[in-house]
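# Geometric and topological summary
Here is how the chains run, residue by residue.
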Amino acid sequence: MEMSIICSNLSRGCEKQYLQDQADAFKKLADFFKSKAEPVGEANVQKLLELIETDLAVGYPYGNSVSSEKPDRGALRCQVWSEKVTRMLKSLLSRYEAEGEKMLENTGVYVCTVCGFVYVGDSAPELCPVCKVPSWKFEKMERRA
């Protein structure tokens, strides 16, 4: 599944650079790897929170040290945005763990397609608080049947 996610992200990056042939090729790779992925065994809020804690305690400090060795403005910005979004997701998941489905009643869930920020509310924010893109860059997430 990780390879599918990486290829999907590369496809989006190519789209943003108007490299449609490369975007299509990465999309095909993403679909291939997704078709070969095994189903997730244990999926629950507590497991997600544990994974987030590991990222915050181990992954981000390591990523920050690597991107600081040879400063690259883009890499450093990605680290900052990603860590902010991860901390916000942790907060949302903790709230969901406490409130359950009631938290999502009569409201929408919107995801910024640029940085991954998740917003719970009636409509997407005018600007993403993390990466500052306009509201049309948000996608509304629908519930699964």
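This is a predicted model, so every value here is computed, not measured.

It is worth spelling out the overall build of the chain at this point. When helices and strands are counted, the chain shows 4 helices and 3 strands. Taken from N to C terminus, the helices and strands of the chain fall in the order α-α-α-α-β-β-β. By principal-axis analysis of the C-alpha atoms, the chain measures approximately 40 × 35 × 35 Å. Residues counted as buried form 25% of the 145 residues belonging to the chain. Contacts spanning at least 24 positions in sequence make up 45% of the contacts within the chain whose residues lie at least 6 apart. A total accessible area of about 10500 Å² is found for the chain, and carbon and sulfur atoms account for 56% of it. Looking at the chain, you have 20 positive and 21 negative side-chain charges, and the mean spots of the two groups are 4 Å apart.

The topology assignment puts Ser4 in helix α1 (residues 2–16). Excluding anything up to four places from it in sequence, Ser4 contacts Ala30, Phe33 and Lys34.

Definitions and cut-offs
Residues numbered from 1 in each chain as written. Predicted model: local features only at pLDDT ≥ 70, side-chain atom pairs only at ≥ 80, totals over all residues. Heavy atoms only, no water. Helix = DSSP H or I, 4+ residues; strand = E, 2+ residues; numbered from the N terminus. Buried < 20%, exposed > 50% of the residue type's maximum accessible area, 1.4 Å probe, protein only. Contact = heavy atoms within 4.5 Å. Areas by Shrake-Rupley, 256 points an atom, 1.4 Å probe, with all protein chains shown as cover. Lys, Arg positive; Asp, Glu negative; His and termini not counted. Charge placed at Lys NZ, Arg CZ, Asp CG, Glu CD.

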